[in-house]
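This is what each chain is made of:
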Amino acid sequence: MLMTMMLVENHFKPLRPVMDPHDLEELLRQIALGSQQAFEELYRATDSAICGYALSLMRNHHEAQDIMMDTYLKIRCAAHLYMPLGKPMAWILTITKNIARTKLRSAGRQIPLDDLEETTPSFDQDSEEAVALEQAMKVLGDQERQILILHAVTGLKHREIAEMLGMPLATVLSKYARSLKKLKKALEEDNFPNKEVQ
């Protein structure tokens, strides 16, 4: 199971924000005061997490990039509204989720995201591992993929993911475990090259 998670994490870089929540909160405070440098640091610390989450919602790389940029614009304008509660990534990813939902509604698409086009995150296509993981990710349902990416990429705790998605903690834990098992099985069935999936 650990190898499955490492494989997933290796294709979403960096894995976690490079800053702890208190540092991110300080950056948000500085952004609220107009600091361009703080905004740039926040971007570097959170861009892959936001993009990964947006991609899990939209399942389209270009739309995910649009959502990511809109998220940063909203952060820039609304940083003064952030209440320091020790959960800056949850606040940021809630902005991402709300922007994605608005975009889906305006495009006439339904939530939950059942009718999205079948695309998966674009990995480095030169790697056999990347191709195998891309195919394996297709076995996950929308919520399973979101929970896996939120935990593996952004480093959110399961409790924070449950709050953000409005689900009971037990459901999030169950879906997370199920998604790892599905990935493991899909990778084993593909006879994943040069890796033993555990």
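Starting afresh in each chain, residues are numbered from 1 along the sequence in its written order. In view of the model being predicted, local features appear only for residues whose pLDDT reaches at least 70, and side-chain atom pairs are presented and counted only at 80 or more, with totals across whole chains, interfaces and linings using the full set of residues. Excluding hydrogens and water, the side-chain values take into account all heavy atoms of the structure.

Focus on the confidence of the model for the chain
Stage number 1. The score called pLDDT rates the predictor's confidence residue by residue, from a low of 0 to a high of 100. On average, the chain scores 77 in pLDDT, and the residues at 70 or more come to 71%.
Stage number 2. Throughout, a contact is declared for two residues whenever any of their heavy atoms are within 4.5 Å. Note on residues 111–126: pLDDT is under 50 here. Beyond four places in sequence and across chains, it has 35 contacts.
Stage number 3. Low pLDDT (under 50) marks residues 192–198, which in the prediction has 19 contacts with non-local residues, meaning those over four places away or in another chain.

Re helix H3 (residues 36–58)
Stage number 1. Compared with an ideal rise of 1.5 Å per residue, which puts 23 residues at 33 Å, H3 spans 29 Å between its outermost C-alpha atoms and falls more than 12% short.
Stage number 2. Fitting axes to the seven residues that end at a residue and to the seven that start at it, the angle between those axes gives the bend at that residue. Put simply, DSSP marks the helices as runs of H or I at least four residues long and the strands as runs of E at least two long, and each gets a number from the N terminus on. Remark: the principal bend of H3, roughly 55°, maps to Thr 46.
Stage number 3. Where H3 begins, the capping side chain belongs to Ser 35, and its oxygen is found 3.0 Å from the backbone nitrogen of Ala 38.
Stage number 4. After H3 finishes, the residue Arg 59 shows a positive phi value of roughly 55°. In this scheme, a helix's expected span is set at 1.5 Å multiplied by one less than its residue total. Side-chain atoms alone can form a polar contact between residues adjacent in sequence; in general such a contact is a pair of N or O atoms within 3.5 Å, and within protein one must be able to donate a hydrogen while the other accepts it.

Here's the deal with the packing of H3 against helix H5 (residues 88–106)
Stage number 1. Two elements in contact, H3 and H5, have axes separated by 10 Å at closest approach and are oriented at 40°. The orientation of H3 relative to H5 falls into the category oblique. Here H3 runs over H5; the crossing is right-handed. Across the interface between the two elements, Leu 42, Thr 46, Ala 49, Ile 50, Tyr 53, Ala 54, Leu 57 and Met 58 from H3 touch Met 89, Ile 92, Leu 93, Thr 96, Lys 97, Ala 100, Lys 103 and Leu 104 from H5. Axes here mean lines fitted to C-alpha atoms, for a helix over just the part in contact, with angles spanning 0 to 180 degrees between N-to-C directions. Throughout this description, any angle smaller than 35 degrees is read as roughly parallel, any larger than 145 degrees as roughly antiparallel, any in the 65 to 115 degree range as roughly perpendicular, and the remainder as oblique. Here is the rule for handedness: rotate from the far helix to the near one, and if that takes an anticlockwise turn smaller than a right angle the crossing is left-handed, while a clockwise turn gives right-handed.

Points about the pattern of salt bridges
Stage number 1. Definition used for salt bridges: Asp or Glu carboxyl oxygen within 4 Å of a side-chain nitrogen of Lys or Arg. Enumeration according to the criterion identifies 5 salt bridges in this entry.
Stage number 2. One salt bridge in this structure joins Glu 26 and Arg 29, with 2.5 Å as the shortest N-O distance. With a gap of 3 residues between them, Glu 26 and Arg 29 both fall in helix H2 (residues 21–32), about one helical turn apart.
Stage number 3. A simple rule labels every residue: compare its accessible area, found with a 1.4 Å probe on the protein chains alone, to the largest value its type can have, and call it buried under 20%, exposed over 50%, or partly exposed in between. Residue Arg 29 is classed as partly exposed on the basis of its relative accessible area, which comes to 44%.
Stage number 4. Here Lys 103 ties to Asp 66 by a salt bridge, and the two come within 3.9 Å at their closest N and O atoms. Of this pair, Lys 103 sits in helix H5 while Asp 66 sits in helix H4 (residues 61–78), and the two are 37 residues apart along the sequence.
Stage number 5. Residue class for Lys 103 comes out partly exposed when judged on its relative accessible area of 28%.
Stage number 6. One network of salt bridges, in which partners are shared, links Glu 144, Arg 178 and Lys 182.

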